[in-house]
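Architecture and fold: a report
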Amino acid sequence: MSLKSFDKFCETLITAEPGSKKIILDERQRQVSSKLTTEAFLIYIIASTANTVVMDKLYQWCDSFFAPMVFLMAACYIYWMLRSYFSGTLFGINGSSPAKWTAGIFMVEALMYCMLFFSGLDEEFGAFHDGMMSSRLVVVTAFVLFFIGAAATFVLAKKAEKAELTDEEKKG
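This text gives an overview of the structure that appears in the document. (Residues numbered from 1 in each chain as written. Predicted model: local features only at pLDDT ≥ 70, side-chain atom pairs only at ≥ 80, totals over all residues. Heavy atoms only, no water.)

**Brief notes about a nonpolar patch on the surface**
Taken together, the side chains of Phe41, Leu42 and Ile45 present a nonpolar region at the surface, about 290 Å² in accessible area. Relative to the helices and strands, Ile45 resides in helix α2 (residues 27-58). (Patch = residues over 30% accessible without salt bridge, like charges linked within 9 Å, V, L, I, M, F, W, Y side chains within 5 Å. Areas by Shrake-Rupley, 256 points an atom, 1.4 Å probe, with all protein chains shown as cover. Salt bridge = Lys/Arg side-chain N within 4 Å of Asp/Glu carboxyl O. Helix = DSSP H or I, 4+ residues; strand = E, 2+ residues; numbered from the N terminus.)

**Quick look at a negative patch on the surface**
On the surface, Glu164, Asp167, Glu168 and Glu169 cluster together into a patch of negative charge. Structurally, the position occupied by Asp167 is in helix α5 (residues 135-171). (Lys, Arg positive; Asp, Glu negative; His and termini not counted. Charge placed at Lys NZ, Arg CZ, Asp CG, Glu CD.)

**Points about the packing of aromatic side chains**
By the definition in use, this model includes eight aromatic pairs. Plain terms: the ring middles of Tyr77 and Trp80 are 6.5 Å apart, the flat faces sit at 25 degrees to each other, and that makes the pair stacked. In this pair, Tyr77 and Trp80 both sit in helix α3 (residues 66-87), three residues apart, roughly one turn of the helix. Members of the aromatic cluster, connected to one another through ring pairs, are Tyr77, Trp80, Phe106, Tyr113, Phe143 and Phe146. (Phe/Tyr/Trp six-rings, centres within 6.5 Å; stacked < 30°, edge-to-face > 60°.)

**Brief notes about the side chain of Thr153**
Within the secondary structure, Thr153 is located in helix α5. On the basis of relative accessibility, which here comes to 4%, the residue Thr153 falls in the buried class. Ignoring anything within four residues of it in the chain, the contact list for Thr153 reads Tyr77, Met81, Leu90, Phe91, Ala99 and Ala103. (Buried < 20%, exposed > 50% of the residue type's maximum accessible area, 1.4 Å probe, protein only. Contact = heavy atoms within 4.5 Å.)

**Details of the pattern of salt bridges**
Applying the stated criterion across every chain, the model contains three salt bridges. Between Lys35 and Glu39 there is a salt bridge, with its nearest N and O atoms 3.8 Å apart. You can see Lys35 and its partner Glu39 sitting in helix α2, four residues apart, about one turn around the helix. Overall, the relative accessible area of 49% leaves Lys35 in the partly exposed class. We classify Glu39 as partly exposed; its relative accessible area is 22%. Where Lys100 meets Glu161, a salt bridge forms, and the shortest distance between an N and an O atom there is 2.8 Å. Of this pair, Lys100 sits in helix α4 (residues 97-119) while Glu161 sits in helix α5, and the two are 61 residues apart along the sequence. According to the relative accessible area criterion, Lys100 is buried, its value standing at 18%. For Glu161, a relative accessible area of 26% translates into the label partly exposed. Residues participating in the shared-partner salt-bridge network are Lys35, Glu39 and Arg83.

**What to know about the packing of α4 against α5**
Taken N-terminus to C-terminus, the directions of α4 and α5 make an angle of 155 degrees; their axes are 8 Å apart at the nearest point. Taken together, the axis directions place α4 and α5 in an arrangement best described as roughly antiparallel. In this structure, α4 meets α5 at a crossing whose hand is left-handed. Residue composition of the contact of α4 with α5, by class: 21 nonpolar, two polar and four charged. (Axes fitted to C-alpha atoms, helices over the stretch in contact; angles between N-to-C directions. Parallel < 35°, antiparallel > 145°, perpendicular 65-115°, else oblique. Left-handed = near helix turned anticlockwise from the far one by under 90°. Nonpolar A, V, L, I, M, F, W, Y, C, P; charged D, E, K, R; others polar.)

Listed below in structure tokens is the structure:
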């Protein structure tokens, strides 16, 4: 870590508001997080390309090409979240509060989309038609995956907070 980046890191730590919703990462966490984000993005690109080729040349299993990409994005989000947690970059040095806040927003949005989907089931849109899955069903499945990933992040953040409090009690 260069002296300039260390100074910037210290400045961010000192000037950040208490309970800030912005995650603060150290240099190692920033590099690992960047690597994991790139890795998840490459997996998403490869999976989306493979799915598009399959749907274009072999069998179109969904009535839309976009809906499977949303599903693959949700799967890659869960992959990224798990890899980040196990490598120690999901939570910054300022605690797990920012991740908990983001997870809460993801859970609310996912639930709202699922309610929107289930309110439209009585319309002409079904779950399956013409041997294909409805794009609405694929997207709602993606939002269920988003909810699962966000709930896991929320639980892991609570666990990290509890471990942090236990460490503080042992020290004090």
